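Structural overview
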Number of protein chains: 2
Amino acid sequence: MTQHSRIQCPKLLDKVMSAEQAAALIPEGATVGMSGFTGSGAPKEVPQALAARIEHSVAQGHPFRINLWTGASTGPEIDGALAKANGIQMRLPYQSDPIGRQRINEGAMDYMDVHLSHVAQYAWFGFFGKLDVAVIEVAGILPDGSLIPSTSVGNNKTWLDLADLVILEVNERQPIGLAGMHDVYYGTQLPPNRVPIQITHTQDRIGEQYLRCDPNKVIAVVQTNKPDRNSPFKPVDDKARRIAGHLIEFFQHEVKRGRLPANLLPLQSGVGNIANAVMGALTDGPFENLTAFTEVMQDGMLGMLRSGKLKNVSCTGFSLSPEGEREFVDNLDFYRDKIVIRPQEISNHPELIRRLGVIAMNAMIEADIYGNVNSTHVYGSAIMNGIGGSGDFARNAYLAIFMANASAKGGELSCIVPAVSHVDHTEHDVHILVTDEGLADLRGLSPKQRAKVIIANCAAPEFKDELQDYYDRALHHSYGKHTPMLPGEALSWHERAMRTGSMHAKHKETV
Amino acid sequence: MTQHSRIQCPKLLDKVMSAEQAAALIPEGATVGMSGFTGSGAPKEVPQALAARIEHSVAQGHPFRINLWTGASTGPEIDGALAKANGIQMRLPYQSDPIGRQRINEGAMDYMDVHLSHVAQYAWFGFFGKLDVAVIEVAGILPDGSLIPSTSVGNNKTWLDLADLVILEVNERQPIGLAGMHDVYYGTQLPPNRVPIQITHTQDRIGEQYLRCDPNKVIAVVQTNKPDRNSPFKPVDDKARRIAGHLIEFFQHEVKRGRLPANLLPLQSGVGNIANAVMGALTDGPFENLTAFTEVMQDGMLGMLRSGKLKNVSCTGFSLSPEGEREFVDNLDFYRDKIVIRPQEISNHPELIRRLGVIAMNAMIEADIYGNVNSTHVYGSAIMNGIGGSGDFARNAYLAIFMANASAKGGELSCIVPAVSHVDHTEHDVHILVTDEGLADLRGLSPKQRAKVIIANCAAPEFKDELQDYYDRALHHSYGKHTPMLPGEALSWHERAMRTGSMHAKHKETV
């Protein structure tokens, strides 16, 4: 199959040009909506060409910047290149690129952290201002101008609908066999005209296979042939395996108590080392006929589908290692009818997450002794990646589970703290905390009861005494004894760690 | 109409007894689900008789306690009497009684603060443990044993379905004309068997007019004749009027910009002085054909219905002043077809709030310069009332609005602080802050942009300089500059206020 055969609309074939020519059509200061979700399906060449254009312009004493909206994180070709050129004014709704993160945390770039299910509707409501240009990677263009989506759908439907101008990247590297895996729902409306979303099972299809696109808005078509940002698979370590073990044991207990069906409920899982360990444990575990209603399809879920433990997956994009990508592409016929890729406003929709009763498993940076969770900030001020879909899932989940190693940096930093330095998930939204030390079941507990079980089950041994000491003194001296707190000391662990590198009170400060 | 004519089921007529006799049937240590939502529709006599029984038992050296679940807050006959007797072990999901609050904050009673839309499903899931007894106020009992609900529905359906034993209070004081106003949805299921909730307009009816009740579970029927806790109407003050004025101006602006329809979108409003001021301003304001999808129907909304500005209200209960109650009862035929009273899992359902595009207006205790909101805690440790439905509404609203006076205690306490002492609504969930000083529109803004507009528009003049000083120093010294924060100082305003009575740094400490 040649590149041109992927562009079957004659009108759009006339718009084929180089990435540089396309990037030159983006107005200075424009707000640009790009495709891309955790590195999958992001445009590969136009953003880099735009970054080069910005760098050239800066060199000539004429800097300019764009506002950049995406699905979630992208690849170094977008966030890396544009942040390096200092070409982004406002970024939303999620990012994970090291250079982009640095720009934000040095104060050179504005970033707005948004629940991923909220992004499309806020754009439609006009809350973010006007969208000028959409830059969307697709796997192909059909004769009528409609688009075969790439490895993620994300907010592409919304960007294509809202933008005045559209630039398409047709990536020959993406398998044409993706066609038919997507389910693009066109039934969203603005209030007061919204109707129920008629999904009752993870694999239900309610939309169209292709993205609609008005050919008259398309100003450029760029041909590319590049892989997604497929990050290498980080091997699962012992701590992650212990976390997964605690979780499997908990699920078995819940099934036995009649609080979960034998095939559990639809799974949502973040990405990373711990998530892969959990998927691995489920692949080897006792549960059959599992389903997933999640944001991203990662290696671990491919393995579960392969093993037959997992029946099907609903997602908005892939996040695969190079080996995972190979496995997927080589066995596309096996996977095709088991995976449905949806817009992120549907994959993360509160209505659907609550209806389906999703088991939400997400990583955290830290939790406090009352069950508040920080997913986004280091020391309260530096953004890590963003809240992503964790809030969509946790708030509406059947079970909201957050996971992390109990300690970090050789035991100098505790994942369990007196008070988190930033709250992303409140005490009302967290059911289960898991660390390599153990699992705390917070359901039905008051704050003081939670503190007891979190310190006992989840805290690292080297921090248990200090946490207990804080809690005991808080209980004694606190203004109120509902959620014992010493405001003058609650964030001292973070303050100390910033200063000394350790949250421990004693040995570091006396060195 | 006589009391007995309200009990038309012969089998249940046989169960009529005194409140004392009924209270004696509640097992020691039982978990009891009572009716009641913001004081409306709560049982009036059995709880008091139970409290007397507990006090008597304590006097004989045999203390015992119950766990108490309700819809939301109740009246002094429940929370006051039982807390006074020290008869509550665990309370959920919301309370506002002064004695109950004192018990919790002195550490003598456990309290779990739960999103009101989550309560029924968590009970069904088994997350709270077993429900032993339901004590439910009704307006009447039909021949087949089904129940005419009282002035609130709350969690009554769930308590009646789940409890082993049922005690009914038939309150002759509640108008029998309430019959037909309720819409009790029986289509809820446990995952994975849930289906869409087919409501697309505020007044849609999808359920039944009466509560189902298995007569075999009913162990007692008690006849009462007492009013709801109808708190007197607090007159609207100038600050509340200014807040309402800012809000009306904002709505007008949004309509003009095309971001709101001319008749706005369904309104949700908390109760209290500010809420009544807003309802008053809407009654006198330029908007017609308004609707409401809210928790409680308060005096302000009666006035809006009366004026014709408001077409209809969906709620789960009333919260009226004595005058409001009189107005409602005297004109029941006018109000009947304009009000629908639903279970709180429906009135507060995320699916419906997002679908309908609700404008959520709730009071707060404090907000920080980045838009995090504290709705529940004083100085981070003492519970006020609870989160109630504010999280259900804010997270899923078209517009999430939080309101408070800019300062309190004669200018010694600021509603805008460097960091809130407890987070109930995160920076991701708050669109608009309003104080008597002005309105901050946070949509589409990064944390630093938010700080600028919150300090400029919402902070009290006497705190602006101190907030700006903190922010400037945080921006300079912060570990990261995404959300500038000084962990060692962020909660110092609360620490100082606890110590000196003032959040101001200077004049109080040097006295």
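How each quantity is defined
Residues numbered from 1 in each chain as written. Chains lettered and ligands numbered in written order. Predicted model: local features only at pLDDT ≥ 70, side-chain atom pairs only at ≥ 80, totals over all residues. Heavy atoms only, no water. Contact = heavy atoms within 4.5 Å. Buried area = accessible area lost by both parts, 1.4 Å probe. Salt bridge = Lys/Arg side-chain N within 4 Å of Asp/Glu carboxyl O. UniProt positions renumbered as here; feature names shortened; annotations may be inferred. Helix = DSSP H or I, 4+ residues; strand = E, 2+ residues; numbered from the N terminus. Least-squares fit on C-alpha atoms with pLDDT ≥ 70 in both. Buried < 20%, exposed > 50% of the residue type's maximum accessible area, 1.4 Å probe, protein only. Pairing = 2+ DSSP bridges. Right-handed = clockwise from strand over helix to strand, strands pointing away. Axes fitted to C-alpha atoms, helices over the stretch in contact; angles between N-to-C directions. Parallel < 35°, antiparallel > 145°, perpendicular 65-115°, else oblique. Left-handed = near helix turned anticlockwise from the far one by under 90°. Nonpolar A, V, L, I, M, F, W, Y, C, P; charged D, E, K, R; others polar.

**Topic: the interface of chain A and chain B**
Residue-level contacts link 84 residues of chain A with 84 residues of chain B. When the buried area of chain A at its contact with chain B is split by residue, Arg354(A), Arg395(A) and His428(A) rank highest and sum to 12% of it. The interface formed by chain A and chain B contains two salt bridges. For Glu351(B), the salt bridge is made with Arg355(A), and the minimal N-O distance between the two is 3.2 Å.

**Here's the deal with the UniProt feature "domain: Acetyl-CoA hydrolase/transferase C-terminal" (unreviewed entry) in chain A**
Per the UniProt record, "domain: Acetyl-CoA hydrolase/transferase C-terminal" (unreviewed entry) is found at residues 324-470 of chain A. With 34% helix and 24% strand, residues 324-470 of chain A has its two end C-alpha atoms placed 46 Å apart.

**Looking at the relation of the copies chain A and chain B**
With an RMSD of 0.0 Å, the fit of chain A onto chain B corresponds to turning through 180° and sliding 0.0 Å along the axis. The relationship between the two copies is best expressed as a two-fold rotation axis. Among all residues of chain A, the one whose C-alpha sits closest to the rotation axis is Glu351(A), at a distance of 2.2 Å. The overlap is high: 100% of the interface residues of chain A also sit at the interface in chain B, so the same surface is used on both sides.

**Remarks on the pairing of strand E2 (residues 66-69) of chain B**
Residue and element names in this part refer to chain B. Of the two faces of E2, the one lined by Ile66 and Leu68 and the one lined by Asn67 and Trp69 are each fully buried. In this structure, strand E1 (residues 31-34) lies alongside E2, joined through three bridges in parallel fashion. Across the sheet, the residue bridging to Gly33 is Trp69, located in E2. Regarding the hand of the β-α-β motif, the stretch spanning E1, helix H3 (residues 46-59) and E2 is right-handed. Bridge count between E2 and strand E3 (residues 88-92): three bridges; the pairing is parallel.

**So, the packing of helix H4 (residues 76-84) of chain B against helix H5 (residues 98-105) of chain B**
Residue and element names in this part refer to chain B. For the pair H4 and H5, the least separation of the axes is 7 Å and the interaxial angle reads 45°. Between H4 and H5, the angle falls in the class oblique. Here H4 runs over H5; the crossing is left-handed. In this structure, H4 contributes Asp79, Gly80, Ala83 and Lys84 to the contact, and H5 contributes Ile99, Gly100 and Arg103. Residue classes in the contact of H4 with H5 are distributed as two nonpolar, two polar and three charged.

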